[in-house]
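The lines below spell out each chain.
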Amino acid sequence: PHPKGKMPVATLLPFTATPNRKSASPTSFRLTEKFILLLVFSAFITLCFGAIFFLPDSSKLLSGVFFHSSAVETNTHTGPDSSDAGSAGNDDRLLAKIKKDHEKALLEAKDTLQKLPDVIQNDILADKAKVTKESMGKGGKDGNNLPFIEYHRPPGATGLEPQDPETRERRAKIKEMMKHAWDSYKRYAWGSNELRPVSKQGHSSNLFGDIKGATIVDALDTLYIMEMFEEFDAATDWVEKSLDFNVNAEVSVFEVNIRFVGGLLSAYYLSGKEVFRRKAVELGEKLLPAFKTPTGIPWALLNLKSGIGRNWPWASGGSSILAEYGTLHLEFMHLSRLSGNPEFAQKVMNIRKVLNRLEKPQGLYPNYLNPNSGQWGQHHVSVGGLGDSFYEYLLKAWLMSDKTDEEGKKMYYDALQAIETNLMRKSTNGLTYIAEWKGGLLEHKMGHLTCFAGGMIALGADGAPGDKTGHQMEQAAEIARTCHESYARTTLKLGPEAFRFDGGVEAIATRQNEKYFILRPEVIETYMYMWRFTHDPKYREWGWEAVQALEQHCRVEGGYSGVRDVYASSPNYDDVQQSFYLAETLKYLYLLFSEDDHLPFEHWVFNTEAHPLPVIRKDKTDRPNEVE
Ligand code: DMJ
C-alpha cells in the first residue's frame, strides 16, 4: 500500500517519464502504469460521447449521420430561418417570426369571417382556378398531353330508390333486363360490336369499321347509373386494354361520334376515370380529318388510318346528311373543354355558319347538303331519319351552354316553327303527326325515329318564345299519344319502323318493309320526358306496357332481339341486340321509373344516344366538368 503523498508524478504524467529513464516508449511502462493509462483513456472517450448526446440539438446531428433522408426532410420543412436556430440570437428571431406569422393569420381569419359566405366560396374557387391555370401554364399536362383537370362529379350520377313500392319493383325489373342483356353479350359476344342473341355469337356492323366493342362503350353509363359497378369495372378494364382506334377501315363519323365519343365522355363525367377522357379525345382527334372539305361540312364516312373521307353513294349528288353533320355539336364542345384544343368547337361552329348563310325553303332545312359546293341537294325534309337529331342538337346546344348559346336557341325555335307550319298535321280522328316533305309535297308517314320529337318539344317548351310554352307542351303530349297508338295498334304491342296516315289508316304501317321493330328507344324516350314534366301516371303505364311486350316478344335465352313484323301473331327474330338497346331503351326505361333527381335536367343533357353530358356553367369557365 502507498501513502497518498508518495504517489510518483510519473503515474499522472506518464509521457513526461522519470529523468533517469532511458527510453520514453510506452512499451517500457509497467503494468500498473498501463492500467492507469487505459482508465484515463476510456474516461476521455466516455466524456466525448457524453458531449455528443448532451449538447443542444444533438438529435439533429445524429439524425444527420444515421437517418440521412429524414434529416433532409426536416430541414426542408423548417426552411432557412430555422436552419441556424442553434444560437440564442437566432432563437429570438425565430420566435419573433412565429409570433408575427401567427398575428397575420389571426387577422386574415378575422377578415374572412367578416365576408359573406358567397364571397368566401368565390375566393376559394378563384384560388383553386389559379392553381389549375398555373399548373397548365407550367405545361401541367398528363402523359397524353392533356391539360390537368380537377374532376368534380356533377349531381345525380346515381339516384335513390323510388318511394312508391310498385315503381321500385318496376325499376328493379328493368335493371334485371339490363343484366340479362349485358350478361348475354358478355357471354357470347364479348369484344364484338353487338350480340346475335338467337345464334349466340358476335355481330359487327360496318358502321364502326374495325373498331370493336360498341356495346361495351354504349353501355358504360347505363351500368353506372344502375349501380352495376362490377360490370362497369369489367367494361372499364376492356376499354383500357382493348379499345383500339388504330384501324385501317372506314367508319360512319356520326355513329362513331354519338356512340363511342358520347359513351366515353359520359363514362368520364360519371366516374371521373381519366382513361375515358383520354380515349374520347384520342378518337375525337381521329375524326378531325373528316372536316377537310371545301366548306368544312364533314364527310359521312372516314378512313381512320388514311384520313380520307367520302359520302354515302346513295346520298343526293354526293351530299352530306343533316342529321349526321348536325349531330356532332354537343360532343365536340366537350372535347374542346376536356382537351384544351379549340379545334373541335371551331369545326362545329363553322357548320352553323355555313347553314346560316344558306337560303332555307319555307324556313326548313333539307336533309342533303353538298360539302363541296355548299349547296342543298334534294329538297327532302324530315324530323325522322336523316334530319332528326340536327334539331335536337340545336336545342340541347343552347341548354348545355347554360342557355348562353343564343344562336342555337334561335335556330331551334325558328326551325320548330317551320316544322309546325309545314309538316305537323292532325289525322281525321285527331292524331297529331309529323309528316315528311319532298319538294313541297307531304308524305303522310311518321317514322319511329320521329317519335323522339315529343320529348324534344317538351324539353324546349319552357324556353319557347312568346307565350308558346303551353302550346308546345300540348304538341309534345299529342305526339306521345300518337306514338303510343302506333304501338297499341300492333299485335305484339311494339311500334313499327314507320306508320302512315293515308289510304284510310292511322298510325299503322302499311308497307311490309316498315313493319319491323329493332329495339329502338324513341317512343320510350318521349314517355320519360313527358313523365318528368307532367307526372301524369299514364306515361309510366305506357312505359310498363312496352316492358311487358319486350319481355314477351323480344327476350330470348341469349339476350334481346328485334322482330321483323310487329303485326305478326308471333315474333320472327332479326337476331340482333342493338347497342342502343343498352345505351338508350333500357336507360330511358330506368329513368322513367326513377326519381327526378337522378340525372336531373338542370344539370345534364342527353346526347342523341342517351349519353348524359353535363351543362357547361357560364360562370365557371375554368372548370369544365364542375356544374355545382
Ligand atoms: C340511335 O343510334 C340514336 O338515337 C340516333 O339518334 C337514332 N338512331 C338510333 C336509335 O334508334
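Bear in mind that the values here come from a model prediction, so they are computed numbers and not experimental data.

1. As for the overall build of the chain
Moving on, step 1. Counting its secondary structure elements, the chain contains 21 helices and 18 strands.
Moving on, step 2. When the 628 residues of the chain are sorted by exposure, 53% land in the buried category.
Moving on, step 3. Of all intrachain contacts in the chain linking residues separated by at least 6 positions in sequence, the fraction that spans at least 24 positions is 67%.

2. Observations concerning the pattern of salt bridges
Moving on, step 1. Enumeration according to the criterion identifies 33 salt bridges in this entry.
Moving on, step 2. The partner of E551 in a salt bridge is K173, and the shortest N-O contact between them spans 2.8 Å. Here E551 is found in helix α20 (residues 537-554), whereas its partner K173 is found in helix α7 (residues 165-189), with 378 residues between them in sequence.
Moving on, step 3. A salt bridge links R352 to E407; the nearest nitrogen and oxygen atoms lie 3.0 Å apart. Within this pair, whereas R352 is found in helix α14 (residues 343-357), its partner E407 is found in helix α16 (residues 406-422), the two being separated by 55 residues in sequence.
Moving on, step 4. When its relative accessible area of 4% is taken as the criterion, R352 is described as buried.
Moving on, step 5. Residue classification places E407 among the partly exposed residues on the basis of a relative accessible area of 35%.
Moving on, step 6. Residues joined by salt bridges that share partners form a network here, namely K438, E443, K445, R500 and E514.

3. Focus: the sheet that holds strand β5 (residues 309-310)
Moving on, step 1. In spatial order, the strands read β3-β4-β5; together these three strands make up an open sheet with antiparallel pairing. Two strands bound the open sheet, and with one partner strand each, they are β3 (250-252) and β5.
Moving on, step 2. Bridge count between strand β4 (residues 301-303) and β5: two bridges; the pairing is antiparallel. The residue bridging L301 from the neighbouring strand is R310, located in β5.
Moving on, step 3. Lying on the sheet, helix α10 (residues 253-271) is in contact with β3 and β4; it crosses β3 at an angle near 65°.

4. Details of the state of the cysteines
Moving on, step 1. Applying the stated criterion to the full structure yields one disulfide.
Moving on, step 2. Between the sulfur of C451 and that of C483 lies a disulfide, 2.1 Å long from S to S. The S-S bond linking C451 to C483 shows a torsion near -95°; that makes this disulfide left-handed. Here C483 lies in helix α18 (residues 469-488) and C451 lies in the loop between β13 (445-447) and α17 (452-461), a separation of 32 residues in the sequence.

5. Quick word on the packing of helix α8 (residues 214-225) against helix α9 (residues 229-242)
Each pair of packed helices can be summarised by the angle the axes make with each other and by the distance between the axes.
Moving on, step 1. Contact geometry of α8 with α9 gives a least axis separation of 9 Å together with a crossing angle of 150°. With respect to their mutual orientation, α8 and α9 come out roughly antiparallel. Between α8 and α9 the crossing geometry is left-handed. Every residue of α9 that contacts α8 at I216, V217, L220, L223 and Y224 is listed here: F229, E231, F232, A235, T236, W238 and V239.
Moving on, step 2. A class-by-class count of the residues in the contact of α8 with α9 yields 10 nonpolar, one polar and one charged.

6. A closer look at the sheet that holds strand β11 (residues 436-438)
Moving on, step 1. The three strands lie next to each other as β8-β11-β12, forming an open sheet whose pairing is antiparallel. Each edge of the open sheet carries a strand with a single partner, namely β8 (380-381) and β12 (441-443).
Moving on, step 2. The sheet contact formed by β8 and β11 spans two bridges and is antiparallel. Bridge pairing in β11 places H380 opposite K438.

7. Thoughts on the nonpolar core
Moving on, step 1. By size, the foremost hydrophobic cluster in this structure holds 155 residues, and its most contacted members are I211, V239 and F260.
Moving on, step 2. With 12 residues, the single largest contributor to this core is α10.
Moving on, step 3. If sequence neighbours within four positions are ignored, F260 has contacts with N193, F208, I211, K212, G213, A214, V217, L243, F245, E255 and L283.
Moving on, step 4. Membership of the second largest hydrophobic core comes to six residues, among which are A300, A315, I321 and Y368.

8. Considerations on the site of the ligand
Moving on, step 1. Taken together, the residues surrounding the ligand are I258, R259, L449, R520, P521, E522, F580, E584, T608 and E609.
Moving on, step 2. For the ligand, an oxygen atom lies 2.6 Å from a polar atom in the side chain of E522.
Moving on, step 3. In this structure, an oxygen atom belonging to the ligand sits 2.8 Å away from a side-chain N or O atom of T608.
Moving on, step 4. When the ligand sits alone it has 290 Å² of accessible area, and the protein chains cover 91% of it.
Moving on, step 5. Broken down by secondary-structure element, the contributors of at least two residues to the shell around the ligand are α10 and α21 (579-592).

9. Comments concerning helix α15 (residues 388-400)
Moving on, step 1. Taking 1.5 Å per residue, 13 residues should reach 18 Å; α15 reaches 18 Å between its end C-alpha atoms and fits that length.
Moving on, step 2. Burial of α15 is extensive: 13 of the 13 residues sit out of reach of the surface.
Moving on, step 3. At the exit of α15 stands D402, carrying a positive phi of roughly 60°.

10. Let's talk about the side chain of E525
Moving on, step 1. Note that E525 resides in helix α19 (residues 522-534).
Moving on, step 2. It turns out E525 is buried and unbridged, and the closest side chain with the opposite charge, K396, is 4.7 Å from it.
Moving on, step 3. Not counting chain neighbours up to four residues away, the residues in contact with E525 comprise E392, F452, E584 and Y588.

11. Here's the deal with the side chain of H203
Moving on, step 1. Summarising the element assignment, H203 is placed in strand β2 (residues 201-203).
Moving on, step 2. Side chain to side chain, H203 and R196 meet in a polar contact 3.0 Å long.
Moving on, step 3. Ignoring sequence-local partners within four residues, the contact set of H203 consists of S192, N193, E194, L195, R196 and V576.

12. Examining the confidence of the model for the chain
Moving on, step 1. This prediction gives the chain a mean pLDDT of 85; 77% of its residues lie at or above 70.
Moving on, step 2. Predicted confidence for residues 1-27 stays below pLDDT 50, and this span has 12 contacts to residues more than four positions away or in other chains.
Moving on, step 3. Throughout residues 52-88 the model reports pLDDT below 50, and contacts reaching past four residues in sequence, or to other chains, amount to 15 contacts.

13. What to know about the UniProt feature "active site" (unreviewed entry) in the chain
Moving on, step 1. UniProt tags E255, D388, E497 and E522 as "active site" (unreviewed entry).
Moving on, step 2. Its location among the elements puts E497 in the loop between α18 and β14 (498-500).
Moving on, step 3. Residue classification places E497 among the buried residues on the basis of a relative accessible area of 12%.
Moving on, step 4. Look past the residues within four positions of E497 in its chain and what remains in contact with it is G447, H448, E514, Y516 and R520.
Moving on, step 5. Relative to the elements of secondary structure, E522 occurs in helix α19.
Moving on, step 6. Once residues within four sequence positions are removed from consideration, E522 is found in contact with H448, L449, C451 and F452.
Moving on, step 7. Reaching out from E522, the side chain makes a polar contact with the side chain of H448 at a distance of 3.0 Å.

Parameters at a glance
Residues numbered from 1 in each chain as written. Predicted model: local features only at pLDDT ≥ 70, side-chain atom pairs only at ≥ 80, totals over all residues. Heavy atoms only, no water. Helix = DSSP H or I, 4+ residues; strand = E, 2+ residues; numbered from the N terminus. Buried < 20%, exposed > 50% of the residue type's maximum accessible area, 1.4 Å probe, protein only. Contact = heavy atoms within 4.5 Å. Salt bridge = Lys/Arg side-chain N within 4 Å of Asp/Glu carboxyl O. Pairing = 2+ DSSP bridges. Axes fitted to C-alpha atoms, helices over the stretch in contact; angles between N-to-C directions. Disulfide = S-S within 2.5 Å. Parallel < 35°, antiparallel > 145°, perpendicular 65-115°, else oblique. Left-handed = near helix turned anticlockwise from the far one by under 90°. Nonpolar A, V, L, I, M, F, W, Y, C, P; charged D, E, K, R; others polar. Core = buried A, V, L, I, M, F, W, Y, C linked by side-chain atoms within 4.5 Å. Near = heavy atom within 4 Å. Polar contact = N/O pair within 3.5 Å; in protein donor to acceptor, adjacent residues only side chain to side chain. Areas by Shrake-Rupley, 256 points an atom, 1.4 Å probe, with all protein chains shown as cover. Expected span 1.5 Å × (residues − 1). Lys, Arg positive; Asp, Glu negative; His and termini not counted. pLDDT = per-residue confidence, 0-100. UniProt positions renumbered as here; feature names shortened; annotations may be inferred.

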